[in-house]
Amino acid sequence: MLFSGGSAANSTRGRGEFDGSYQDPFSRFNKQNDDPFAEFYRQNDGPFSNQFYKVFSEVFQHDVDVHASDIEIELNLSFGEAAKGCTKEVPFSAKNLCYSCDGRGYLANARKYVCPSCKGAGKVSMYPFTSICTTCRGFGKVIKDHCLTCKGAGVVDGMKYANVIIPAGVDSGDTIHVREAGNSGGRGAIPGSLYIKLRVASDPVFVRDGADVHVDKKISFTQAMLGGKIEVPTLDGKTEIKIPKGVQPGQVVVLRGKGLELPNQAGYFGDQHVRFKIHFPLKVNERQRALLEDFAAEEATKEQSFFATGNWSELIAENMKSQNFMIGLGFVMLIYLMLSKTLS
């Protein structure tokens, strides 16, 4: 009020000016039960907005909702349940409304007395603020004859069951928040929340990487050389994929859109990566050995013909593309640089 023109004596001065004199801004509200903030709200035309009054009225005057305590639990899921989503009935220990008094903390015919703290007003004042009475919680009445079952708390220990919808694509560490499913609130309090922390088990087939999944598939060395088709598992069941001719160990085929759908990215699916592992037999029979020896002899003849016909450059160029060649070349260059540095 001092900075907004305030009293009539200062009304002629310019807005925002301060003359150094002091006036009690609450001098006119010394009467009992007067609300200085309500008066400020009605007369304020200065730099403070009405939002200023609103904040103080909400903090010091209005009843504040009382919430019961929250509950945190853990829930184990299989890989399939987390990938596709499911509905789970979750049991947990919690405070339940007392069955004897229906959560009131006293019987229906219990005698009520005027609250000794607020004298029945439901509010207490600590000038210049007013707050809800903590003894009667704003009701103005207190009851001395409490419920014998809950000892006046309105709640008793017990079990609760919550049907929880698990969205598809959740992962370990994710938390599901269920409002008002936690501890019950006796004596008019609002129930707390239930926080469910998820633990997803590993899978013997699929390995997760965000929205993508990885699968290893064993094939024979003849399939790797000749190519063909093979069934692989996916999250939607088995599907048939093509084996490229001459596939190498560790080579990956990507199945687009066969991965997981993340909860916060509806409609987007990751990919499935199929990595080939080539199985070489430990033993072969005589016929297989003869065929392999013929194949090896033919390969040796083919390499000799490259050099004999002047096609050795093509063979070198082909070998230069291999990973082992590049590693060897890098190793030779590293030795060369170390020797050069030592000699210098």
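The model shown is predicted, which means the values in this text are computed figures rather than measured ones. Positions within a chain are numbered from 1, following the residues in the order the chain's sequence is written. Where totals are concerned, whole chains, interfaces and linings use all residues; where local detail is concerned, this predicted model gives features only for residues with pLDDT of at least 70, and gives and counts side-chain atom pairs only at 80 or more. Hydrogen atoms and water are omitted, and side-chain values are computed over all heavy atoms in the structure.

Tell me about the sheet that holds strand 9 (residues 194-200), and please be specific about residues and values.
As summarised here, the arrangement of the three strands in space is 1-9-8, forming an open sheet in which the pairing is mixed. In the strand order of this sheet, the two ends are held by strand 1 (71-77) and strand 8 (175-178), each with one partner. The average undirected angle you get between the axes of adjacent strands in this sheet is 25 degrees. Strands are treated as partners if at least two bridges between them are detected by DSSP. To qualify as a helix, a DSSP run of H or I must reach at least 4 residues; to qualify as a strand, a run of E must reach at least 2; elements of each kind are numbered from the N terminus. Here strand 1 pairs with strand 9 via seven bridges, running parallel. When the bridges of strand 9 are listed, Leu75 appears paired with Leu198. For helices, the axis comes from a line fit to the C-alpha atoms of the stretch in contact; other axes are also lines fit to C-alpha atoms, and the angle between any two N-to-C directions lies between 0 and 180 degrees.

An account of the confidence of the model for the protein is requested, with residue identities and associated values reported.
Should the pLDDT be low somewhere, the predicted coordinates at that spot are not to be read in detail. Here the protein shows a mean pLDDT of 78. Residues at 70 or above account for 69%. Within the model, the stretch residues 1-46 combines pLDDT values under 50 with 47 contacts to residues more than four positions away or in other chains. Scored between 0 and 100, pLDDT is the confidence that the predictor attaches to each residue. Contact definition: two residues touch when any of their heavy atoms are within 4.5 Å. Predicted confidence for residues 56-64 stays below pLDDT 50, and this span has twelve contacts to residues more than four positions away or in other chains.

Could you give an account of the pattern of salt bridges, with specific residues and numbers?
Salt bridges are defined as contacts in which a side-chain nitrogen from Lys or Arg sits within 4 Å of a carboxyl oxygen from Asp or Glu. Across all of its chains, the model carries eight salt bridges by this definition. The residue Glu74 makes a salt bridge to Arg199 at a minimum N-O spacing of 3.5 Å. Linking Glu74 in strand 1 with Arg199 in strand 9, this pair joins segments that are 125 residues apart in sequence. Only protein chains enter the area calculation, which uses a 1.4 Å probe; residues under 20% of their type maximum are buried, those over 50% are exposed, and those in between are partly exposed. Given the relative accessible area of 29%, Arg199 is considered partly exposed. In this structure, the salt-bridge partner of Lys88 is Glu81, at a minimum N-O distance of 3.3 Å. The class of Lys88 is partly exposed, set by a relative accessible area of 22%. When salt bridges that share partners are traced, they join Asp216, Arg275 and Lys277 into one network.

Any chance you could break down the nonpolar core for me, citing the residues and the numbers?
Here the nonpolar core consists of buried residues drawn from Ala, Val, Leu, Ile, Met, Phe, Trp, Tyr and Cys, with membership extended through side-chain atoms lying within 4.5 Å. By size, the foremost hydrophobic cluster in this structure holds 19 residues, and its most contacted members are Phe92, Ile166, Leu194, Ile196 and Leu198. Those elements that place two or more of their residues in this core are strand 1, strand 2 (86-97), strand 7 (155-166) and strand 9. Ranked by size, the runner-up nonpolar core spans twelve residues in total, among them Ala224, Val253, Leu255 and Val274.

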